[in-house]
Amino acid sequence: MVHKYKQNGFNIVLDVNSGAVHLFDDVAYDVLDYVDELHPLEALSSSAVQELCRAYGMSDIERAHSEICLLCEEGKLFSKEEGVSRELLEKNINSSPVKSMCLNVAHDCNLRCKYCFASTGDFSTGRELMKFNVAKSAIDFLVKNSGSRRNLEVDFFGGEPLLNFENVKRTVFYARGLEAEKGKRFRFTLTTNGLLLTDKIIDFLNNEMSNVVLSLDGRKIVNDSFRATSSGLGSYDAIVPKFKKLVSRRNGKDYYVRGTFTKYNLDFSEDVLHIRSLGFEQISVEPVVLEPLNEFSIKEDDLGKINKEYEKLAEEIIRLRKNGKFLNFFHFMLDFEDGPCAIKRLKGCSCGNEYIAVTPSGDIFPCHQFVGNSKWKMGNVLESPNLSEDLRKKFVKANIFEKKDCRNCWAKFFCGGGCNANNFKFNKDIKKSYKIACELQKKRIECALYLKIKLADLRARS
């Protein structure tokens, strides 16, 4: 399978199975349309040659076809899907222990974000903070179900987890106390809206958290329109100085500023660039995911505008690099050399299998986006040492072979089938793809490929 597209004067060709990326001239780009995917080394048909001769000379056509055939012989074009099989998938996924946990320490929040997927923080289950005995049991559950894995990940989430900061501290110290005894190493992350940040909390987060996610939607007018307190006050002025202080003290440790764009700020590249102007270099601004009838939701007729914004953002990143500045946009972060392992490419999201979420009451769900839906409850850390195998198997089988829309999609090895929670939310089936998310993901991948080519050219010229 081959995917080709044009972006800002570049003719880009991706060989899906091998991952090889090529820049073609106009002749080869057009000749490619007439190459038989099943028999790529065959000569061009007379009708194909006749059609191509309307734009190009015969010698150029022959040269381009010869170059395409050479790439095919080298396994870099129209390559076969080898080494990627159902057997490999089933063998590895079925035996996968849990490696990461979203710990919902607070089903409460001090903001009332208009687009909040968690119903302003309580997940429609009532406002509640996790008690330490539940957090302790969750850590014990993760250790017990992690098998031989040494490196484990815990994400403190909410609502707003800093509403339960003392419990966050106790949980971290408890887990650290298990590391030597159990032969494990914990990597902690915390997501915060920043309102409760103090110097003391900042120092703790910077010491203990491998990554910190800072919620900010961009420009003040955008952020305050959506991210206001319960009294209606905007959060921008209160949180930006605190975020700057936290990042300035992280000494190179990971962080990123994470925002959301909606129907009302489709010019979100301006929000990304505004966040960059504040001094933050690690940024993610993501599309809102809401029911189609919601006034803030992204519609199919918005895709053209959004795609242009992604292209604009790619050009701005290049401009910054030319000027010796840096911006890392989360959705353009793709490793085209080593890339994810074969299993990750086949399955993508590990929710409900290697990744789980735990609520303040100890209930276990496949991920934070399933929380509150009793259908997807997989157990309780206070009641059972194991996960529901019936539900786990549903996620084991949610791979690109089982998702009909993914089988012939050129982007399948980059996204692994998309977000299971979004699939269920929109289609009531974790195996049925959410179309808008698919289209946006494809565009982001195209921009990431384009960026890689442009930045490599910049390095070569410097």
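Scroll up to find the structure.
A brief report on the enclosed structure follows.

The rules behind these values
Residues numbered from 1 in each chain as written. Predicted model: local features only at pLDDT ≥ 70, side-chain atom pairs only at ≥ 80, totals over all residues. Heavy atoms only, no water. Salt bridge = Lys/Arg side-chain N within 4 Å of Asp/Glu carboxyl O. Helix = DSSP H or I, 4+ residues; strand = E, 2+ residues; numbered from the N terminus. Buried < 20%, exposed > 50% of the residue type's maximum accessible area, 1.4 Å probe, protein only. Axes fitted to C-alpha atoms, helices over the stretch in contact; angles between N-to-C directions. Parallel < 35°, antiparallel > 145°, perpendicular 65-115°, else oblique. Left-handed = near helix turned anticlockwise from the far one by under 90°. Contact = heavy atoms within 4.5 Å. Nonpolar A, V, L, I, M, F, W, Y, C, P; charged D, E, K, R; others polar. Phe/Tyr/Trp six-rings, centres within 6.5 Å; stacked < 30°, edge-to-face > 60°. Lys NZ or Arg CZ within 6 Å of the ring centre and 35° of its normal.

1. Examining the pattern of salt bridges
Then, number 1: Counting across every chain of the model gives 35 salt bridges.
Then, number 2: Residue Arg63 is joined to Glu67 by a salt bridge in which the shortest nitrogen-to-oxygen separation is 3.2 Å. Highlighted residues: Arg63 and Glu67, both in helix α3 (residues 58-73), separated by four residues, approximately one helical turn.
Then, number 3: A residue is classified by how much of its surface remains accessible, and Arg63, at 29% relative accessible area, is partly exposed.
Then, number 4: Ionic pairing is found between Arg176 and Glu179, a salt bridge with its closest N-O pair at 2.9 Å. Here Arg176 pairs with Glu179, and both are found in helix α6 (residues 165-182), just three residues apart, close to one helical turn.

2. A few points about the packing of helix α7 (residues 199-208) against helix α9 (residues 236-248)
Then, number 1: Running from N to C, α7 and α9 point in directions that differ by 40 degrees, and their axes come no closer than 10 Å. Here α7 is positioned oblique relative to α9, judged by the angle of their axes. When the axes of α7 and α9 are compared, the crossing they make is right-handed. Of α9, the residues touching α7 (which contributes Asp199, Ile202, Leu205 and Asn206) are Lys242, Lys245 and Leu246.
Then, number 2: For the contact of α7 with α9, a count of residues per class yields three nonpolar, one polar and three charged.

3. A word on the environment of Leu162
Then, number 1: Tracing the backbone through its elements, the reader meets Leu162 in the loop between β7 (151-157) and α6.
Then, number 2: Looking at Leu162, the relative accessible area reads 5%, which means it is buried.
Then, number 3: The sequence separation of Leu162 and Cys349 amounts to 187 residues, and the corresponding C-alpha distance is 27 Å.

4. With respect to the packing of aromatic side chains
Any two aromatic rings considered together are summarised by their centre-to-centre distance and by the angle between their planes.
Then, number 1: Tallied over the entire structure, the rule returns 22 aromatic pairs.
Then, number 2: Consider the rings of Phe10 and Tyr450, whose centres lie 5.7 Å apart with planes at 75 degrees: the pair is edge-to-face. Taken as a pair, Phe10 in strand β2 (residues 10-15) and Tyr450 in helix α16 (residues 435-461) lie far apart in primary sequence, 440 residues in all.
Then, number 3: Residue classification places Phe10 among the buried positions, given a relative accessible area of 19%.
Then, number 4: Note on Tyr450: relative accessible area 0%, which makes it buried.
Then, number 5: Judged by centre distance (4.9 Å) and plane angle (70 degrees), the ring pair of Phe329 and Phe332 falls under edge-to-face.
Then, number 6: A residue is classified by how much of its surface remains accessible, and Phe329, at 1% relative accessible area, is buried.
Then, number 7: Under the relative-accessibility criterion, Phe332 is labelled buried at 8%.
Then, number 8: Here the aromatic residues Phe261, Phe268, Tyr310, Phe329 and Phe332 are joined through ring pairs into a cluster of three or more.
Then, number 9: The aromatic ring of Phe132 is capped on one face by Arg170, whose charged end is 3.9 Å from the ring centroid.

5. Some details on the packing of helix α10 (residues 269-277) against helix α11 (residues 303-322)
Then, number 1: The geometry of α10 relative to α11 is characterised by a closest axis approach of 9 Å and an angle of 25 degrees between their N-to-C directions. By the angle class used here, α10 and α11 are roughly parallel. For the pair α10 and α11, the contacting residues are Ser269, Glu270, Val272, Leu273 and Arg276 in the first and Glu309, Lys312, Leu313, Glu316 and Leu320 in the second.
Then, number 2: When grouped by side-chain class, the residues that make up the contact of α10 with α11 number four nonpolar, one polar and five charged.

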